[in-house]
Amino acid sequence: QVQLVESGGGLVQPGASLRLSCAASGSIFSITLMGWYRQASGKERELVARITTDVSTNYANYADSVKCRFTITKDNAKNTVYLQMNSLDSEDTAVYYCSADTYYGRAYWGQGTQLTVSS
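Residues numbered from 1 in each chain as written. Predicted model: local features only at pLDDT ≥ 70, side-chain atom pairs only at ≥ 80, totals over all residues. Heavy atoms only, no water.

**Observations regarding the overall build of the chain**
For step 1, the next point in the chain: Check the secondary structure of the chain and you find 0 helices and 11 strands.
For step 2, the next point in the chain: From first element to last, N terminus to C terminus, the chain shows the α and β order β-β-β-β-β-β-β-β-β-β-β.
For step 3, the next point in the chain: For the chain, the C-alpha radius of gyration of 14 Å lies close to 14 Å, the compact-globule estimate for 119 residues.
For step 4, the next point in the chain: For the chain, with 119 residues in total, the buried portion stands at 43%. (Helix = DSSP H or I, 4+ residues; strand = E, 2+ residues; numbered from the N terminus. Rg over C-alpha atoms; globule rule 2.2 N^0.38 Å. Buried < 20%, exposed > 50% of the residue type's maximum accessible area, 1.4 Å probe, protein only.)

Below, the structure written as structure tokens:
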């Protein structure tokens, strides 16, 4: 079992920056990939960014809509993944979910954190 706890959401103005955190616990060794997804009201959940958890690699990929604005990073010592979000706009308003993929094929999700971008 893997438990994921997100933090860092909130209400920000357009153009602001914010960082989300996701702390993993439990069967950490089984996680191969961690990422962030988001779901806006009335829309399907979509990938934002993912990163490999192997300490020797740092491969990340991003949705086209967030490239050059968002950065996903990891701290293996803290079992934590971060999503640094810059130049936020209203289109980024959504519930952000942390995810963890395991080598045995199961995916785990956090409870979600709300980000609202509004003036």
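**Quick word on a nonpolar patch on the surface**
For step 1, the next point in the chain: Taken together, the side chains of Phe29, Tyr103 and Tyr104 make up a nonpolar region of the molecular surface, amounting to roughly 410 Å² of accessible area.
For step 2, the next point in the chain: When you line up the elements, Phe29 lands in the loop between strand E3 (18–26) and strand E4 (31–39).
For step 3, the next point in the chain: For Phe29, a relative accessible area of 65% puts it in the exposed group. (Patch = residues over 30% accessible without salt bridge, like charges linked within 9 Å, V, L, I, M, F, W, Y side chains within 5 Å. Areas by Shrake-Rupley, 256 points an atom, 1.4 Å probe, with all protein chains shown as cover. Salt bridge = Lys/Arg side-chain N within 4 Å of Asp/Glu carboxyl O.)

**Focus on the sheet that holds strand E1 (residues 2–7)**
For step 1, the next point in the chain: Read across the sheet, 4 strands follow the order E1-E3-E8-E7 without closing on themselves; strand pairing throughout is antiparallel. The open sheet is flanked by E1 and strand E7 (70–75), the only strands paired with a single partner. Across this sheet, the average inter-strand angle for adjacent strands is 20°, counted without regard to direction.
For step 2, the next point in the chain: Sheet topology note: the E3/strand E8 (residues 80–85) ladder contains 6 bridges and is antiparallel. Each bridged residue has a counterpart across the sheet, and for Leu18 the counterpart in E8 is Met85. (Pairing = 2+ DSSP bridges. Axes fitted to C-alpha atoms, helices over the stretch in contact; angles between N-to-C directions.)

**Things to note about the environment of Thr80**
For step 1, the next point in the chain: Tracing the backbone through its elements, the reader meets Thr80 in strand E8.
For step 2, the next point in the chain: Accessibility expressed as a relative area gives 10% for Thr80, which makes it buried.
For step 3, the next point in the chain: Setting aside residues up to four positions removed in sequence, Thr80 forms contacts with Ser21, Cys22, Ala23, Thr73, Lys74 and Asp75.
For step 4, the next point in the chain: Polar side-chain contacts of Thr80 include one of 2.8 Å to the backbone oxygen of Lys78. (Contact = heavy atoms within 4.5 Å. Polar contact = N/O pair within 3.5 Å; in protein donor to acceptor, adjacent residues only side chain to side chain.)

**Observations concerning the environment of Leu18**
For step 1, the next point in the chain: Structurally, the position occupied by Leu18 is in strand E3.
For step 2, the next point in the chain: Every residue in contact with Leu18, bar those within four places of it in the chain, is listed here: Gly8, Gly9, Gly10, Val12, Leu83, Gln84, Met85, Leu88 and Leu115.

**Some details on the state of the cysteines**
For step 1, the next point in the chain: Enumeration over the complete set of coordinates arrives at 1 disulfide.
For step 2, the next point in the chain: Here Cys22 pairs with Cys98 through a disulfide, and the sulfurs are 2.0 Å apart. Where Cys22 bonds to Cys98 through sulfur, the torsion about that S-S bond is close to -85°, and the disulfide is left-handed. Of the two residues, Cys22 sits in strand E3 while Cys98 sits in strand E9 (residues 94–102), which places them 76 residues apart along the sequence. (Disulfide = S-S within 2.5 Å.)

**Some remarks on the nonpolar core**
For step 1, the next point in the chain: Residues Leu4, Met34, Trp36, Leu83, Met85 and Tyr96 are the most contacted members of the largest nonpolar core, which totals 29 residues.
For step 2, the next point in the chain: Where this core is concerned, the elements lending two or more residues are E1, E3, E4, strand E5 (46–52), E7, E8, E9 and strand E11 (113–117). (Core = buried A, V, L, I, M, F, W, Y, C linked by side-chain atoms within 4.5 Å.)

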